[in-house]
Every structure is written in C-alpha cells, then in structure tokens.
Amino acid sequence: MKQSATKPHDWIAQFEGLSTLPPELRDELLEGSEVVEVPAGTQIFSPGQSADNFLLLLKGTVRVQQKSETGREVFLYRVHAGESCVLTTACMLAFEDYAADGVAETDVRAVAIPRRTFDDLAGRSPLFREFVFKAYSRRITDLFTLIDDIVFQRMDVRLAARLLELADEAGVVHATHQVLASELGTAREVISRTLSEFHRRGWVEQARGEVRLSGREGLERLARSAGER
C-alpha cells in the first residue's frame, strides 16, 4: 500500500468512537498510524497473510470474499468509509492469519494502525476498546443477517435487494451475471434465470456487463416483501 503524501490530522473526526479520546491518546494514535492509498483492484489481504495493521476506511469500498473448495467466490461483506473490517479485527485480536480475500473495489484511502499501537491503545484505553468492539459487534450482526438471507430468503428477493444496493445514481448496476452470483453465493445460471424474469416484468434491461433498473418500484416491492413474511 502506498503511503499518502500528506498526513491529515482530522481523520479521527470520521469515527465517532475515537473523537472522544483524550488529547494525549489522540496524539499517540495519530503519530502511531499512517494514511495509505491503494488503487482499485488492489489485493489488500489474502488467505494465509498475517494481520499486521488495524484498518479504518476513509474513502472507497473494500470487498471481502472467500473461495469455496470448488473455487467459487462467495461474497461476505463490504467495508465502507467510516468503517473497520471485522475480519481484520478478529485476526488482530486472535493473532490469526486471514482466511479470506480483501480487494479494493474503488480507489481506497485508509488509516493503517500497526499492531504495536493497536495493542497499546487497546490495553490502556477503555474508549478505544469500546470503539473496536462496538464496530466488531455491528459487523458480526451483519454476518448473521447474511447467513439468514442465504438460508431462508428466496433468491429473487435477495437479488432485487442487491441490485438496488449496487445501482449507481443513473440506476445502472455495473456487474456481470457471474459477479452477481458471487455476491449472492449462488450459480450464474440462477442469476441469469432470475434476471430474465425481472426483464419479463419490465423491472430491468440487460446489456453486456451491466443491468439497468427500469422498474425500480417493482424491485423495491419485492425487496420489502422479505420483511413482511
């Protein structure tokens, strides 16, 4: 990862739990961390790699995914600006290596807090520990929700929700059928079949490498139906 040319001292304000640290601990955190930048497509961590830095995202998104024994990629979660990575936190706390891949989906700017600084602050500051464990707890809840979705929700409902989540301001999802299959932990053929049904209903238009939402209201109704069961 490339170190940022500047080291701004206002990044702590992006993380509510850190903004209440005493001034001396804030200074130690700033001095003991680095702002790094990586371009889109960069492999940030991979299975078997040690977790040497606690990462806080300032800009961009990181996709965390795992490969099955058959080689199929399974999407786990995304890390957005203002968040930390639950897998990195778990590996830092347990002194274990990564078991999944983390890839920069966009250009990324992040704070890297080395293990020495992380361990020191976690041991000395209840506020820092609270910040770490609150973020960890939120993401663990998200993972349980993911498991519930995979086991209990219909694929058409899950796909509708994911299309709405991934669409840009113009209502376009820039993803192939295979990418969407990886997002939802299913086969490409299932995604193709479901998208064909959405197209028949007038909800989407398909082109090479993208899906355009032409009937957002219908997708929203279907996605909402998950909470009405």
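Here the residue numbers are simple positions, counted from 1 along each chain's written sequence. Per-residue local features are limited, in this predicted model, to residues with pLDDT of at least 70; the limit for side-chain atom pairs, both in listing and counting, is 80 or more; totals at the level of whole chains, interfaces and linings are taken over all residues. Note that the side-chain values use all heavy atoms of the structure and ignore hydrogens as well as water.

As annotated in an unreviewed UniProt entry, the protein carries the name Crp/Fnr family transcriptional regulator and comes from Histidinibacterium aquaticum.

A.B. asks: Requested: an account of the confidence of the model for the protein, with residues and values cited.
C.D. replies: In this model, the protein carries an average pLDDT of 87, and 90% of its residues clear a pLDDT of 70 or more. Of the regions scoring below 50 in pLDDT, residues 3-7 engages in 13 contacts with residues more than four places distant in sequence or in other chains. Per-residue confidence from the prediction method is given by pLDDT, with values spanning 0 to 100. Residues are treated as being in contact if the distance between any of their heavy atoms lies within 4.5 Å.

A.B. asks: Before we move on, can you summarise the UniProt feature "domain: HTH crp-type" (unreviewed entry) in the protein with the specific residues and values?
C.D. replies: UniProt positions are given in the numbering used here, feature names are shortened, and annotations may be inferred rather than shown by experiment. The sites that carry the UniProt feature "domain: HTH crp-type" (unreviewed entry) are, in the present numbering, residues 153-217. Strands here mean DSSP runs of E at least two residues long; helices mean DSSP runs of H or I at least four residues long; both are numbered from the N terminus. End C-alpha atoms of residues 153-217 are separated by 20 Å, and the span's content is 54% helix alongside 15% strand.

A.B. asks: Break down the pattern of salt bridges for me, with residues and values.
C.D. replies: By convention in these notes, a salt bridge is any Lys or Arg side-chain nitrogen within 4 Å of a carboxyl oxygen on Asp or Glu. Scanning the model with the defined rule gives 14 salt bridges in all. For Arg 78, the salt bridge identified is with Glu 105, shortest N-O distance 2.6 Å. Of this pair, Arg 78 sits in strand S6 (residues 73-80) while Glu 105 sits in the loop between strand S7 (101-104) and strand S8 (108-114), and the two are 27 residues apart along the sequence. The salt bridge partner of Arg 115 is Asp 119, with a shortest N-O separation of 3.7 Å. Taken together, the residues Arg 115 and Asp 119, both in helix H3 (residues 115-124) and four residues apart, mark about one turn of the helix. Given a relative accessible area of 18%, Arg 115 falls into the buried group. Exposure categories follow from relative accessible area, calculated using a 1.4 Å probe and restricted to protein chains: below 20% of the type maximum is buried, above 50% is exposed, and the middle band is partly exposed. The partly exposed category is assigned to Asp 119, whose relative accessible area is 32%. Through salt bridges with shared partners, a single network forms among Arg 63, Arg 78, Glu 105, Arg 162, Glu 165 and Glu 183.

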